[in-house]
Amino acid sequence: MTFNSHCSTAEPPGLETQRRVIESLLRETELCAGDSWYVLERHWFEQWKEFVETGDQNSSSFPGQIDNTELFEDLESFHLKERLVENEDFVLLPSEAWHKLLSWYSMVDSQPALERKVVDLPSTLKVEVYPVEIFLCLHSNMENVVTAQFSRAEKIYAIQRSMCQAFSVSAGSECRLWMKSSDNSCERLRNTNISVLDACLSSGMTVIMETRNADGTWPSSRPQIMRNSVEEQDSYRGQPGVCGLTNLGNTCFMNSALQCLSNTPPLTEYFQQNSYLEELNFTNPLGMKGEIAEAFADVIKQMWSGRHYSVVPRVFKTKVGHFASQFLGYQQHDSQELLSFLLDGLHEDLNRVKNKEYIELRDAEGRPDQEVAEEAWRNHRRRNNSVIVDTFHGLFKSTLVCPQCHKVSVTFDPFCYLSVPLPVSKERVMEVFFVSLDPLSKPVQHRVTVPKSGKVLDLCSALSEMTDVPSTQMVVADVFNHRFYKIYTAEESLSCILDRDDIFVYELQQPQPEDEEEHVMLALYLRERSQYRDYGSGSSTYGTSLFGHPLLLNLPRSSCSQEALYHLFLQRLARYVRPPDPSEELEEEEEEDHDEEEIYKTQINGISDDEQQEETDNVEPSSSELCYGDAPACSQISSCSAADLVPNLNNSTPSVDNADSETSTGSQDQADQPAAAAAAAAASCPEDVDQCAGSSRSDSEPPTETTAQPDETTDNDNKQEEAARSPSPLTVEQPAKRRACHKKRRNLFTIQAVNSNGTTERGMGEGGSAVSFCSQPYVAIDWDPDMKKRFYNENEAEKYVKHPSMDVPQQQTTVQLQECIELFTTVETLEEENPWYCPVCKKHQLATKKLDLWSLPEVLIIHLKRFSYTKFTREKLDSIVDFPLRNLDFSHFLLRKHLEDGEPPSYYDLIAVSNHYGGLRDGHYTSYAQNKDNAQWYYFDDSKVTFASEDQIVTNAAYVLFYHRQDKLRKPTLPPPNSSSASSSSSSSSQLANDDTFCRDDGAELGAGSSYITMETD
């Protein structure tokens, strides 16, 4: 048998040449990652070496055809035997050497070539003799499993391509792969451009492929879908893009931003056409490993499948919170802040630049603007190239001028959206209640105009012009939940007062010039006792609850005795408190003789009678004045100076609720429902009880009312009846005390010194006496529920009148969008917190800055800066911004007046609006958007979607505007929907969902109606 009869068609060279060529290739070829090497059975190779060394082509050592039979387990599957050893069982040949031998000797029929790849293992390169053998299957049919081998150097997309061929999956289907390990845990093979080795795929694992459903969902993680019935799950067919987003809990801000982006045609089409799959950037350190882009794509595909009423974006919300911790949880956020994060995240996840080069920015240095602008845009695209840059990025010119050396610095910077300011008025309108000194006059509601940066004195001066009351006789207070939230000084800034605060202005008595006596300003609260003791607080005292409106009074020090205060308060409350006639008092005294006896056997502030007696023995109080402290009502403050009685207004800031009157249902509990109280006959004694009866003080002092939770509502209707039937007879040793207390039962209420919260606190002073809080001039008058019901007219107390200023309609401020853009391009001086470093002066300077628009993107986002934060004010601007729906012309705003050939005109049409209803820290977000397929406007309110007409879009709630350049507008492919159905549905488009939590800035939630005034008007 000669060599020629067993070789391929190629004529082999001489044996010496063969030996020299193959040995040279084996010696010189180095391992290189990704190269192919071939496995050859060692016995055949040794026989070939012997054959070529003999130099005789007719030698008996002729190897014949290449035969690797000894390396296979069987000749059907051609699986390699396990544990084969290099240079004992096989040799490795580089690709060129293998192909030369193959061309010279051919190969045994049906045997495959054993091609193996060079893989880059940690710290070494190695030929992969045993490739990874994995199992392949579809998610829809896990039983049909195919086994395949892949090199560790192959890319994951090679596995996906092989699976599409093996399972006959159409080329246009969107697929994703899951890696299932031996412990049945699954992990997404997200990046198909990495190798099998980098994906940690090993033999024995299973790769599962799934294809996206027609409704945009994935079979492995089908999200919750809002549908009317189970039968509609597969039958619903709606207009693509007209799909709501479920509110997951204060996520309306996210839903509003997503709806606007969903109706941005170039971005939506980019994801619908799966263009993002080829551009996912998994290695960008500034990105989110492609997860934000994939989560956004899932939401877009579901919304535009036309098969859902509403989608639950829970996975997207989780991804956003994972990469931006500020959006974790379920607090309310700003839709523009989320929009900014999302656009930046999508850009980095889809950035076509894999390795960003360092580029040093240059100043203009006198060069032409055109040259500097082109250079800046070129440099920007060298590091940032994505669909976001293509669609949303523009360029503006920034000019800084040093105020000292007049150095001019010009740079061109890219932008993704324009944040334009709104014209801010220097004045604000405030609504306040004026409480006159006349006890028979009702509170009057006024509307006054004051400077925004003004002081409380300015408010008093403006109100003085309406009331003819000197501003020096006015004190301004924030009333919240029947108590003073804060009492303001004349020099405090009006920025501390929010528009929703309930402000009362009290007229105080002006001391006469000849009156040299010190005056005391008292804060007066109204409280109602409960019929039951508050054992839960650790003592046996009686609870109280505030009601009504607090008052401020300016009194001479000589009027601070119990009896004088009692009559003064009666006079001040004469409009809604009916004084009893003498016969009525006597009758009440006899009827309730035994009902009140139990009061005198209670503990005072948790101190027993014996303990209180010891305290009384150590202190000899005066009987002429009331103490201002958390001591029993009959304790005296004769040791306090008159100056000590003046309140510390700067520290009067308890944390309470705001109300210029009673709060409505849900928070009017303290006015309409008795919360807690003890009967108060003994507390009304005007003199010290030691003078009324010869027994201990504790027997005749009133029980001290403490309220652990003053806002808590308690229903005590049954408790009142039960307490009225529970007499407690007095002991025989106390006849004088009983007579004295029966006599004092004629008082309608008792007077108790309290703290600024309206609660009583215990304290001990020198010598064991009760502490005197002379610096807190707060007192409360405590009503027995029955006495309050008989003599206190709640309806009358709630009435107020409106000043004619309230009838003047407030003019709604309207500004043009063009005005806002002009403000954006005006010269401004940098703030002290953000100075500019001048390279000439070598120090930071408060330079002047001017921004000019140079080039505009295809889709222009305009953010209206409605939330204004300065050193002096915090407010939301509710001005109506009149923005055009069509033909917004930016040509006169561009710095370049002459466009180059082929450059598109600067005319834009509106395509979406994000709305915000509410105030600074609360509110609700919705959106208007125009569907790209039928050109119909829709109103998106979380999961609810309704038709909208163009005249509904311009409101004072507009917050973020989306404009599309006219040369890129899509022509509608569908006719507009039925106009009759649109008109019937659009009426509900202005309704707001109430699933967001409206919170006050101090953290207290406003309940249903707590922001409304329930005072009755005449």
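Residues numbered from 1 in each chain as written. Predicted model: local features only at pLDDT ≥ 70, side-chain atom pairs only at ≥ 80, totals over all residues. Heavy atoms only, no water.

With that out of the way, let us pick up the overall build of the protein chain. Along the protein chain, the regular secondary structure elements total 24 helices and 40 strands. In the protein chain, which comprises 1018 residues, the proportion classed as buried is 53%. Summed over all atoms, the accessible surface of the protein chain reaches about 46300 Å², with 47% contributed by carbon and sulfur. (Helix = DSSP H or I, 4+ residues; strand = E, 2+ residues; numbered from the N terminus. Buried < 20%, exposed > 50% of the residue type's maximum accessible area, 1.4 Å probe, protein only. Areas by Shrake-Rupley, 256 points an atom, 1.4 Å probe, with all protein chains shown as cover.)

We now examine the packing of aromatic side chains. This structure, assessed with the given rule, holds 32 aromatic pairs. Centroid distance Tyr38 to Trp98: 5.1 Å. Interplanar angle 5°. Geometry classified as stacked. Taken together, the positions of Tyr38 in strand β1 (residues 36–41) and Trp98 in helix α3 (residues 95–105) put the pair 60 residues apart, joining distant regions of the chain. The same class applies to Tyr38 and to Trp98, which are both buried. Plain terms: the ring middles of Phe480 and Tyr485 are 6.4 Å apart, the flat faces sit at 90° to each other, and that makes the pair edge-to-face. Positioned above the aromatic ring of Trp178 is the side chain of Arg188, whose terminal nitrogen or guanidinium carbon lies 5.9 Å from the ring centre. (Phe/Tyr/Trp six-rings, centres within 6.5 Å; stacked < 30°, edge-to-face > 60°. Lys NZ or Arg CZ within 6 Å of the ring centre and 35° of its normal.)

Now for empty space enclosed by the protein. The final tally for this structure, using the stated rule, is six cavities of 30 Å³ or more. In this model, the largest cavity occupies a volume close to 170 Å³. Looking at the lining of the largest cavity, the elements with two or more residues in it are β20 (503–507) and β22 (542–556). Class assignment of the residues belonging to the lining of the largest cavity gives a composition of nine nonpolar, three polar and four charged. (1 Å grid on protein atoms, 1.4 Å probe; cavity = no way out; pocket = protein on both sides within 12 Å on 5 of 7 lines; lining within 4 Å. Points joined across faces, edges and corners; volume = space filled by probe spheres on them. Nonpolar A, V, L, I, M, F, W, Y, C, P; charged D, E, K, R; others polar.)

Our next topic: the pattern of salt bridges. Under the definition given, this model contains 39 salt bridges. Arg83 is paired through a salt bridge with Glu82; the nearest N and O atoms lie 3.6 Å apart. Judged by its relative accessible area of 71%, Arg83 falls in the exposed class. Using a relative accessible area of 58% as the deciding quantity, one classes Glu82 as exposed. (Salt bridge = Lys/Arg side-chain N within 4 Å of Asp/Glu carboxyl O.)

So, on to helix α2 (residues 42–54). Taking 1.5 Å per residue, 13 residues should reach 18 Å; α2 reaches 19 Å between its end C-alpha atoms and fits that length. Looking at the buried residues of α2, the elements they touch are α1 (15–28), β1, β2 (90–94) and α3. With a side-chain oxygen lying 3.2 Å from the backbone nitrogen of His43, the N-terminal cap of α2 falls on Glu41. Where α2 terminates, the next one or two residues include Gly55, which has phi positive at roughly 75°. (Expected span 1.5 Å × (residues − 1). Contact = heavy atoms within 4.5 Å. Polar contact = N/O pair within 3.5 Å; in protein donor to acceptor, adjacent residues only side chain to side chain.)

So, about the state of the cysteines. Summed over all chains, the structure comprises zero disulfides. As a non-bridged cysteine, Cys402 has Cys405 as the owner of its nearest cysteine sulfur, 3.6 Å distant. (Disulfide = S-S within 2.5 Å.)

By secondary structure assignment, the location of Asp349 is in helix α9 (residues 335–349). For the buried Asp349, which has no salt bridge, the nearest side chain bearing the opposite charge is Lys289, at an N-O separation of 8.3 Å. (Lys, Arg positive; Asp, Glu negative; His and termini not counted.)

A separate point is the sheet that holds strand β6 (residues 141–150). Overall, mixed pairing links the five strands, which are arranged β6-β5-β9-β7-β8 in an open sheet. Among the strands making up the open sheet, the edge pair consists of β6 and β8 (186–189). Within this sheet the neighbouring strands show an average axis-to-axis angle of 30°, counted without direction. (Pairing = 2+ DSSP bridges. Axes fitted to C-alpha atoms, helices over the stretch in contact; angles between N-to-C directions.)

Let us now look at the packing of α1 against α2. It is at 8 Å that the axes of α1 and α2 come closest, and there the two elements cross at 135°. In terms of orientation, α1 and α2 fall into the oblique class. Contacts between α1 and α2 involve Leu15, Gln18, Arg19, Ile22 and Leu26 on the former and, on the latter, Phe45, Trp48, Phe51, Val52 and Glu53. Classifying every residue of the contact of α1 with α2 gives seven nonpolar, one polar and two charged. (Parallel < 35°, antiparallel > 145°, perpendicular 65-115°, else oblique.)

When a strand is regular, its side chains alternate between the sheet's two faces. With six bridges joining them, strand β5 (residues 132–138) and β6 adopt antiparallel strand pairing. By the bridge assignment for β6, Leu138 is matched with Asn141. Between β5 and β6, which pair antiparallel in sequence order, lie two residues.

Leu261, Phe271, Phe296, Phe316, Phe392 and Phe962 are the most contacted members of the largest nonpolar core, which has 55 residues in total. When residues in this core are grouped by element, the largest group, eight residues, is from helix α7 (residues 291–303). Setting aside residues no more than four positions away along its own chain, Phe271 makes contact with Tyr276, Ala293, Phe296, Ala297, Ile300, Lys301, Leu346 and Leu350. Core analysis: the next-biggest nonpolar cluster, separate from the first, contains 44 residues, Val475, Leu522, Leu565 and Ile781 among them. (Core = buried A, V, L, I, M, F, W, Y, C linked by side-chain atoms within 4.5 Å.)

Ordered by their spatial adjacency, four strands build an open sheet running β2-β1-β3-β4, and the pairing between neighbours is antiparallel. Only two strands of the sheet have a single neighbouring strand rather than two, namely β2 and β4 (124–127). Strand-to-strand twist in this sheet, taken as the mean axis angle between neighbours without regard to direction, amounts to 35°. Relative to β2, β1 is paired through five bridges, and the arrangement is antiparallel.

Predicted confidence across the protein chain gives a mean pLDDT of 76, with 73% of residues reaching 70 or more. Confidence drops under a pLDDT of 50 for residues 762–773, and excluding neighbours within four residues, the segment shows 27 contacts in the predicted structure. Taken together, the stretch residues 979–1018 has pLDDT below 50 and engages in 107 contacts with residues farther than four places along the chain or on a different chain. (pLDDT = per-residue confidence, 0-100.)

This part takes up unusual backbone geometry. With phi around 60°, Arg83 is a residue other than glycine that occupies positive phi space. Along the chain, Arg83 turns up in the loop between α2 and β2.

Tracing the chain through its elements places Arg896 in the loop between β35 (888–889) and β36 (907–917). For Arg896 and Trp854, which are 42 residues apart along the polypeptide, the C-alpha to C-alpha distance reads 6.4 Å.

What follows covers the pairing of strand β14 (residues 408–415). Where strand β13 (residues 394–401) lies against β14, eight bridges are found, and the strand directions are antiparallel. For Leu400, the partnering residue across the bridge sits in β14 and is Ser409.

A word on the environment of Arg237. Secondary-structure assignment places Arg237 in the loop between β10 (225–226) and β11 (244–245). Spatially, the C-alpha atoms of Arg237 and Arg307 are 5.0 Å apart, while their sequence positions differ by 70 residues. Every residue in contact with Arg237, bar those within four places of it in the chain, is listed here: Gly306 and Arg307.

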